[in-house]
Amino acid sequence: MIPSKKNKFGRVDLQVTAFSFGTAPIGNFLNPIPEPEAQALLETAWDAGIRLYDTAPMYGHGLAELRTGHYLRWKPRDEFVLASKVGRVLKPAKRESIDFSPWANAAPFTSHFDYSYDGTMRSFEDSLQRLGLERMDICFIHDIDRFTRGDEQPEVFASAMDGCWRALEKLRNEGVVKAIGVGVNEWNVCFDALKQRDFDCFLLAGRYTLLEQEALNGFLPLCEERGAAVIVGGGFNSGILATGARPGAKYNYAPAPAEILERVAKIEKICAAHGVPLPAAALQFVVAHPSIPSFIAGTRTVEQLKQNLAWFSHPIPQEFWSHLKRQGLLREDAPTP
Ligand SMILES: NC(=O)c1ccc[n+]([C@@H]2O[C@H](COP(=O)([O-])OP(=O)(O)OC[C@H]3O[C@@H](n4cnc5c(N)ncnc54)[C@H](OP(=O)(O)O)[C@@H]3O)[C@@H](O)[C@H]2O)c1
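Right, let's walk through the structure included here. (Residues numbered from 1 in each chain as written. Predicted model: local features only at pLDDT ≥ 70, side-chain atom pairs only at ≥ 80, totals over all residues. Heavy atoms only, no water.)

### Details of the overall build of the chain
No. 1: Counting its secondary structure elements, the chain contains twelve helices and 14 strands.
No. 2: In terms of overall size, the chain behaves like a compact globule, its C-alpha atoms giving a radius of gyration of 19 Å where 337 residues would be expected to give roughly 20 Å.
No. 3: Expressed as a percentage of the 337 residues in the chain, the buried residues total 57%.
No. 4: Summed over its atoms, the accessible surface of the chain is roughly 13,600 Å², and 52% of this surface lies on carbon and sulfur atoms.
No. 5: Positive and negative charge centroids in the chain, built from 37 and 40 side chains respectively, lie 2 Å apart. (Helix = DSSP H or I, 4+ residues; strand = E, 2+ residues; numbered from the N terminus. Rg over C-alpha atoms; globule rule 2.2 N^0.38 Å. Buried < 20%, exposed > 50% of the residue type's maximum accessible area, 1.4 Å probe, protein only. Areas by Shrake-Rupley, 256 points an atom, 1.4 Å probe, with all protein chains shown as cover. Lys, Arg positive; Asp, Glu negative; His and termini not counted. Charge placed at Lys NZ, Arg CZ, Asp CG, Glu CD.)

Below is the structure:
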């Protein structure tokens, strides 16, 4: 597979690269990334032909948008596709007064959830100001899942299906944004959203990977039927599918539980039998689904990024995928490359 290959973005008039750049790490997720390193990451992605960038106000309280905009601002605007998100409004505050967790050395803004119509419009406009760009192409409603919002989720979801939806639908009708969707860590929240509203796309994090394919239960078939595009973030399940089942490997942003370590170790055995690096399989599996035009990889260093780009095009024999299915390690109905 070629990372810079362009794929159609569902029913929308957009082409996106099969491999895209996720900007959560350059928002200083968990650990700080120095400014030159952040710009070097963006440059390495650009030089490799990567033309889809995913950011959000949340990432580093605006820092990821500032850094992404700083790099992309002088590139020909029609040459890249930019996605950002709504659902949080940032307000300036004294750095010492801000709880940045889980971000390190983020930008001096507090972050407040706001899924109202006005809050969505403000968030959208503020993002463009931070990016220093005249438009974003794709806009997702961010974090309206149980993973992020716990017991408040039903209320939050209902409020987003009203306020955010009305604002984004207006922006889409006016041609200000090309595609609107939902960006969450749970496939069933995407499924509910698609059943209720005419979304173009989803950013599904961690829930359609080499490890788990429950999204095939209804959600992905509905996307195929409706022409909705799904981009997968967290496709390494936050680390373990990149590092393998080693002690301390991360699953869902926390140390992987025993059953996940065990399952990954089984997949690794089959990888070894076919000479396939585990992360190569993790990357290539996701974009084999006809509704998934791009894999958003989270990468912290230039070295990781180059490695991921190489894994994306590592040859994988057909027999590898059949072998995983025979062992019950991949769903029978999962499309493979
Ligand atoms: N709700 C949402 O909309 C949502 C949620 C999650 C993600 N996303 C998007 O998806 C993007 C990717 O997700 P993610 O970063 O959370 O998860 P991910 O891609 O599953 O995992 C990224 C982590 O995997 C490890 N990794 C990556 N390449 C590696 C390599 N070559 N060697 C060793 N380890 C490697 C790194 O861990 P270490 O940092 O430990 O080195 C990296 O931080 C985000 O940047 C964001 O754009 C969106």
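### Quick notes on the site of the ligand
No. 1: Around the ligand there are 34 residues in total, and D54, S238, Y253, R300 and N308 lie nearest to it.
No. 2: Between the ligand and N308, the relevant distance is 2.8 Å, taken from a nitrogen atom to a side-chain nitrogen or oxygen of the residue.
No. 3: Protein contact buries 87% of the 900 Å² of open area that the ligand shows by itself.
No. 4: A per-element tally of the shell around the ligand places helix α11 (residues 302–312) first, with four residues. (Near = heavy atom within 4 Å. Polar contact = N/O pair within 3.5 Å; in protein donor to acceptor, adjacent residues only side chain to side chain.)

### As for the nonpolar core
No. 1: Counting residues in hydrophobic clusters, the biggest one holds 102 residues, and the most contacted among them are I141, I144, F202, Y208, L210 and F219.
No. 2: Top element by residues in this core is helix α5 (residues 153–173). It accounts for eight residues.
No. 3: Ignoring sequence-local partners within four residues, the contact set of L210 consists of L241, I267, L278, A281, A282, F285, W321, L324, L329 and L330.
No. 4: Counting residues in hydrophobic clusters, the runner-up holds 15 residues, among them V16, A229, I231 and I296. (Core = buried A, V, L, I, M, F, W, Y, C linked by side-chain atoms within 4.5 Å. Contact = heavy atoms within 4.5 Å.)

### Looking at the sheet that holds strand β3 (residues 19–22)
No. 1: In space, the eight strands of this closed barrel follow the order β3-β4-β5-β8-β9-β10-β11-β14, with parallel pairing throughout. Along the sheet, successive strands turn relative to each other by an average axial angle of 25°, direction set aside.
No. 2: The sheet contact formed by strand β5 (residues 81–86) and strand β8 (residues 138–142) spans four bridges and is parallel. What sits directly across from V86, in β8, is I141.
No. 3: Strand contacts of helix α3 (residues 117–131): β5 and β8, with the helix running at about 140° to β5, the strand carrying the most contacts. (Pairing = 2+ DSSP bridges. Axes fitted to C-alpha atoms, helices over the stretch in contact; angles between N-to-C directions.)

### Section: the environment of A258
No. 1: Structurally, A258 is set in helix α9 (residues 258–274).
No. 2: Its relative accessible area of 56% is what places A258 among the exposed residues.
No. 3: Here the alpha-carbon distance between A258 and A245, two residues 13 residues apart in the chain, equals 9.6 Å.

### Here we look at the pattern of salt bridges
No. 1: Going through the model one piece at a time under the given rule, you end up with 20 salt bridges.
No. 2: Residues R135 and D137 are paired through a salt bridge, measuring 3.0 Å at the closest nitrogen-oxygen approach.
No. 3: One salt bridge connects D198 with R226, and the closest N-O pair in it is separated by 4.0 Å. With D198 in the loop between α6 (187–196) and β10 (201–205) and R226 in helix α7 (residues 219–226), the pair connects residues that are 28 residues apart, well separated along the chain. (Salt bridge = Lys/Arg side-chain N within 4 Å of Asp/Glu carboxyl O.)

### Details of the environment of Q196
No. 1: Turning to its location among the elements, Q196 is positioned in helix α6.
No. 2: Residues Q196 and R226, 30 residues apart in the sequence, show an inter-C-alpha distance of 13 Å.
No. 3: Not counting the four nearest positions on each side in its chain, Q196 is found in contact with F157 and M161.

### Some remarks on the packing of α9 against helix α12 (residues 318–326)
No. 1: Contact geometry for α9 and α12: axes closest at 10 Å, N-to-C directions at 150°. Between α9 and α12, the crossing angle belongs to the class labelled roughly antiparallel. Crossing of α9 over α12 shows right-handed handedness. For the pair α9 and α12, contact is made by I267, I270, C271 and H274 and by E319, F320, H323 and L324, respectively.
No. 2: Its residues assigned to classes, the contact of α9 with α12 shows five nonpolar, two polar and one charged. (Parallel < 35°, antiparallel > 145°, perpendicular 65-115°, else oblique. Left-handed = near helix turned anticlockwise from the far one by under 90°. Nonpolar A, V, L, I, M, F, W, Y, C, P; charged D, E, K, R; others polar.)

### A few points about the pairing of β3
No. 1: Side-chain alternation along β3 places F19 and F21 on one buried face and S20 and G22 on a second face that is also buried.
No. 2: The sheet contact formed by β3 and strand β14 (residues 294–298) spans four bridges and is parallel. Paired with S20 across the bridge in β14 is I296.
No. 3: Between the parallel pair β3 and strand β4 (residues 52–54), the chain is carried across by helix α1 (residues 35–47), and the sense of this crossover is right-handed. (Right-handed = clockwise from strand over helix to strand, strands pointing away.)

### Observations concerning the packing of aromatic side chains
No. 1: Applying the stated criterion across every chain, the model contains 16 aromatic pairs.
No. 2: On the numbers, 5.6 Å between centres and 90° between planes, the contact of F19 with F312 is edge-to-face. Of this pair, F19 sits in strand β3 while F312 sits in helix α11, and the two are 293 residues apart along the sequence. Here F19 matches F312 in class, with each residue buried. (Phe/Tyr/Trp six-rings, centres within 6.5 Å; stacked < 30°, edge-to-face > 60°.)

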